[in-house]
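# Understanding the architecture of this molecule
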Amino acid sequence: MIDKAPLRHAIILCHPDPDSFNVAVAKRYCEAVSAVGHEAILRDLYRLDFDPVLTSSEQPHSGDVALAPDVIAEIEQIRDADVFVLVYPIWFGTPPAMLKGYVERVFGAGFDHRAMRARDRHSFMAGKHLLSLSSSGNSIQWLEEQGAWLSLRNVFDNYLATAFSMASNEHIHFSNIVDAMTVHNVDAELARVTEIARKTCAALLKAEGGSGAAHSTQPSAMRAPSQPPRTSVT
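Report follows, based on the coordinates. None of these values were measured; they are calculated from a predicted model.

## Examining the overall build of the protein chain
Check the secondary structure of the protein chain and you find 8 helices and 6 strands. The order of α-helices and β-strands along the protein chain, N terminus first, is β-α-β-α-α-β-α-α-β-α-α-β-α-β. Looking at the protein chain residue by residue over its 234 residues, the buried ones come to 48%. Taking the intrachain contacts of the protein chain between residues at least 6 apart in sequence as the baseline, contacts between residues at least 24 apart amount to 81%. Accessible surface, the protein chain as shown: approximately 11,600 Å² in total, 56% of it carbon and sulfur.

Below, the structure is given as structure tokens:
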């Protein structure tokens, strides 16, 4: 009988302030998924001092890509995830530059426009799920009026999900996140995060059962040996 490894959530957090609402969201999400026996892998880009600058040698223009050691190490951390959770603030209508650099250097490592056009399967994101948890000081209604929300959904969420052959993508926005928020309001929003995490776990379990495929603990190119549920905060 093959034991099942815990379902894995890679949480990609991008905010410079360690006391920010986004950091609290990422930590609450990790706590919620860990509580149901899933594994949370937190990648805190600012605390990792992640370098978002793509170098010429990393561009897959010739088919010969020389990935930097930090990119190789990062891919090893997240490649076995079942869902990729992006946590970030919306700045000037887009994600922070560091997150965009993470997409280019890590998600897009060795994957170019030809692969996207041919609908090639991404080496570790194909068939996986994308969940974005964003925040801003404005309401989502205001973002919609400016055209920023639709642009973000199309150019970032939908484009990435299509380019990397992902199974699904969902974006949940936290509006009016400002310094003057009361403790009550912050707690209410974090309670939403707990519910979102639980629903995501339930959806993953349903999809896993529906596919009939066991989460094998046997080593393979796409899955590492089973480990106990944990929250990896690095």
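From this point, the discussion proceeds with the structure in view.
## A short note on helix α1 (residues 21-35)
What sets the pattern is the α-helix's 3.6 residues per turn: residues three or four places apart point alike. With 15 residues, α1 should reach 21 Å at 1.5 Å per residue; the first-to-last C-alpha distance of 21 Å fits that figure. For α1, the full list of buried residues reads Phe21, Asn22, Val23, Val25, Ala26, Tyr29, Cys30, Ala32 and Val33. Following α1 by one or two positions, Gly37 adopts a phi angle in the positive range, close to 90°.

## Some thoughts on the pairing of strand β4 (residues 129-135)
Most of β4 sits out of view: 7 of its 7 residues are buried. Of the pairings in the sheet, the one linking strand β3 (residues 83-89) to β4 comprises 7 bridges and is parallel in character. Bridge pairing in β4 places Pro89 opposite Ser135.

Reading the values: rules and limits
- Residues numbered from 1 in each chain as written.
- Predicted model: local features only at pLDDT ≥ 70, side-chain atom pairs only at ≥ 80, totals over all residues.
- Heavy atoms only, no water.
- Helix = DSSP H or I, 4+ residues; strand = E, 2+ residues; numbered from the N terminus.
- Buried < 20%, exposed > 50% of the residue type's maximum accessible area, 1.4 Å probe, protein only.
- Contact = heavy atoms within 4.5 Å.
- Areas by Shrake-Rupley, 256 points an atom, 1.4 Å probe, with all protein chains shown as cover.
- Expected span 1.5 Å × (residues − 1).
- Pairing = 2+ DSSP bridges.

Bear in mind that shape data such as this cannot, by itself, settle questions of function.
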